[in-house]
Amino acid sequence: STIVNAPNALSIPQSIEDNPGDFRMLTGDRPTGLLHVGHYFGTLQGRVRLQNLGVDTLVLIADYQVLTDRDAADRLPHYVEEFLLDYLAVGIDPSRSTIFAHSAVPALNQLLLPFLSLVSTAELSRNPTVKEEIAASGRDAVSGLMFTYPVHQAADLLFCNADIAPVGDDQIPHLELTRTIARRFNDRYEPLFTLPQALLSRAPRLRGLDGSAKMGKSLSNAIPLSASADETARMIRTATTDADRHITYDPEGRPEVSNLLLIASLCTGHDPHELADGLDGAAALKRLLTEAVNEHFAPIRLRRQEYARDRAQLRAILRDGNARASAIADDTLARVHRAMRTAY
Ligand code: ATP
Ligand code: MG
């Protein structure tokens, strides 16, 4: 088989390349659906690269944040297991990285209370990502958690003093709020917290196959990492393109076609303009993209199937990660209590 020269969507700052051991990264995902190629090029690939460089890596399954806008809690255990399979398959190595779930780390959740006291309701209600998500939820009633989950995310990053978070661009406002909270805590009490930075990839917001603004877990416009080659082909065949037979890479003018070229470029390492030059029509573009995705993800999908044989191992990995995260969170909470004079 052809060896795909898999490119990296992320360029890593020199300071991290030079001294990876000085950095800690944290990032995570909500178990609301299957992880897809948008997650892969937006953040998963970056996590693996940072981990492999020697950056201390924490990966969070944000189960408590599913409650923000979903009722379907019965699907949680399923998606948590699917996430673990995806993480392992893409190369997150539990012997080097800590994989844990919100609900299993009580001390992390306790940070929410002092952190909430450090932000105003005005700051919470003008968060642009929260506004987008409220609009997208299509619900009349908006839960209090919808406005406060970014503060919970601040607790995620700050409990472990993460320096960097490889994320998609919807997380930028949350990182900004996290830095504000850290700064205010440090000023008011004691300088305990590091101010974390977002690390964006070349695909900070991959569009859906339907051309909509974001490939999303629950939007039926995503190629899951776990899809088979045939399922991938079927989904790409239905992708939205436009009426112009001549294929060009023009993200502003031709968002749908350009997104497909971008995904093919990320999978193959070829320049999207060059890919476009060799193509005659949308069907050819779709064939190229199908081959690129299936080739790039074939080894990942194979590893996923192998890991899926041992479900007990998955649970053990999560238990172990939960314990490691809890130890860090207990230590941070004790420091916070001392700083706030709530340690008696
Ligand atoms: P949900 O609709 O349930 O919120 P989501 O697709 O936004 O699902 P999250 O779990 O909220 O997924 O996000 C996980 C990470 O993946 C975040 O860093 C987010 O920015 C990133 N991400 C999500 N979708 C994309 C995308 N289409 N392109 C690039 N990055 C993405
Ligand atoms: Mg989201």
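Given the structure is predicted, the values throughout are model-derived calculations rather than measurements.

*Asks:* Quick rundown of helix H9 (residues 172-188)? Include the residues and the values.
*Replies:* Relative to the 24 Å expected for 17 residues at 1.5 Å per residue, H9 spans 24 Å between its end C-alpha atoms, a close match to the ideal helical length. Within H9, burial applies to His174, Leu175, Leu177, Thr178, Ile181, Ala182 and Phe185. Buried residues of H9 fall within an arc of 160 degrees about the axis and therefore sit on the same side. The elements touched by buried residues of H9 are helix H5 (112-116), helix H6 (121-125), helix H7 (128-137), helix H8 (144-159), strand S4 (164-166) and strand S5 (197-199).

*Asks:* Lay out the pairing of strand S1 (residues 24-29) with the relevant residues and their values.
*Replies:* Counting buried positions over the six residues of S1 gives six, a clear majority of the element. Taking every second residue as pointing to the same face, both faces of S1 are buried, with Arg24, Leu26 and Gly28 on one and Met25, Thr27 and Asp29 on the other. Where S1 and strand S2 (residues 56-61) come together, six bridges link them in parallel fashion. Across the sheet, residue Arg24 finds its bridge partner in S2, namely Asp56. The handedness of the S1 to S2 crossover, carried by helix H2 (residues 37-53), is right-handed.

*Asks:* So, the site of ligand 1: which residues are in play, and what are the values?
*Replies:* Every one of the 21 residues lining ligand 1 counts as a neighbour, but Thr32, Gly38, Gly42, Val167 and Gly168 are closest to it. Put simply, the parts of the chain that give the shell around ligand 1 at least two residues each are S1 and H2. The element best represented in the shell around ligand 1 is H2, accounting for four residues. In terms of residue class, the shell around ligand 1 is made up of five nonpolar, ten polar and six charged.

*Asks:* I'd like a description of the domain arrangement of the protein chain, backed by residues and values.
*Replies:* If you check the domain split of the protein chain, you get domain 1 (22-205 + 310-340) and domain 2 (229-307). A separation of 30 Å is found between the C-alpha centroids of domain 1 and domain 2. Each partner contributes residues to the interface: domain 1 has nine residues there, and domain 2 has eight residues. Mapped onto the side of domain 1 that touches domain 2, the elements with two or more residues apiece are H2 and helix H3 (76-90). For the side of domain 1 that touches domain 2, the element with the highest residue contribution is H3, accounting for five residues.

*Asks:* How would you summarise the nonpolar core if you had to cite specific residues and measurements?
*Replies:* Within the largest apolar cluster, 88 residues are counted, with the highest numbers of intra-cluster contacts made by Leu84, Ala165, Ile263, Ala264 and Leu289. With eight residues, the single largest contributor to this core is helix H11 (residues 255-268). Two domains each provide a minimum of three residues to this core, namely domain 1 (22-205 + 310-340) and domain 2 (229-307). Those residues in contact with Leu289 that sit more than four places away from it in its chain are Ile236, Leu260, Ile263 and Ala264.

*Asks:* How would you summarise the environment of Thr129 if you had to cite specific residues and measurements?
*Replies:* Looking at where Thr129 falls in the secondary structure, it is placed in helix H7. Remark: the alpha-carbon pair of Thr129 and Pro173, spanning 44 residues in sequence, is separated by 6.9 Å. The residues touching Thr129, leaving out its near neighbours within four places in the chain, are Asp170, Pro173 and His174.

*Asks:* Describe the packing of H8 against H9, with residues and values.
*Replies:* For the pair H8 and H9, interaxial distance at closest approach is 9 Å and the crossing angle is 70 degrees. Classified by the angle between their axes, H8 and H9 sit roughly perpendicular to one another. The way H8 lies across H9 gives a crossing that is right-handed. Note on element contacts: H9 touches H8 through His174, Leu177, Thr178, Ile181 and Ala182, opposite Pro150, Val151, Gln153, Ala154, Leu157 and Leu158. The class makeup of the residues in the contact of H8 with H9 is eight nonpolar, three polar and no charged.

*Asks:* Describe H11, with residues and values.
*Replies:* In a regular helix each residue adds 1.5 Å, so 14 residues correspond to 20 Å; H11 covers 20 Å between its end C-alpha atoms and thus fits that length. Buried residues dominate H11, accounting for twelve of its 14 residues. Turning to H11, its buried residues are Val257, Ser258, Asn259, Leu260, Leu261, Leu262, Ile263, Ala264, Ser265, Leu266, Cys267 and Thr268. Next to the buried residues of H11 lie H2, helix H12 (272-277) and helix H13 (282-307). Note on H11: the residue one or two positions beyond its end, Gly269, has a positive phi of about 85 degrees.

*Asks:* Please give an account of unusual backbone geometry that cites residues and values.
*Replies:* Of note in this structure, Asn161 is not a glycine but carries a positive phi near 50 degrees. Looking at the secondary structure, you find Asn161 in the loop between H8 and S4. The phi dihedral of Arg341 falls on the positive side, at around 65 degrees, and the residue is not glycine. Along the chain, the position of Arg341 falls in the segment after helix H14 (311-340). The class for Arg341 is exposed, based on 8 C-beta atoms found within 10 Å.

Definitions and cut-offs
- Residues numbered from 1 in each chain as written.
- Chains lettered and ligands numbered in written order.
- Predicted model: local features only at pLDDT ≥ 70, side-chain atom pairs only at ≥ 80, totals over all residues.
- Helix = DSSP H or I, 4+ residues; strand = E, 2+ residues; numbered from the N terminus.
- Expected span 1.5 Å × (residues − 1).
- Buried ≥ 20, exposed ≤ 12 C-beta atoms within 10 Å, placed from the backbone.
- Arc of directions from axis to C-beta.
- Contact = placed C-beta atoms within 7 Å.
- Pairing = 2+ DSSP bridges.
- Right-handed = clockwise from strand over helix to strand, strands pointing away.
- Near = placed C-beta within 6 Å.
- Nonpolar A, V, L, I, M, F, W, Y, C, P; charged D, E, K, R; others polar.
- Domains from an automatic or database assignment.
- Core = buried A, V, L, I, M, F, W, Y, C linked by C-beta atoms within 7 Å.
- Axes fitted to C-alpha atoms, helices over the stretch in contact; angles between N-to-C directions.
- Parallel < 35°, antiparallel > 145°, perpendicular 65-115°, else oblique.
- Left-handed = near helix turned anticlockwise from the far one by under 90°.

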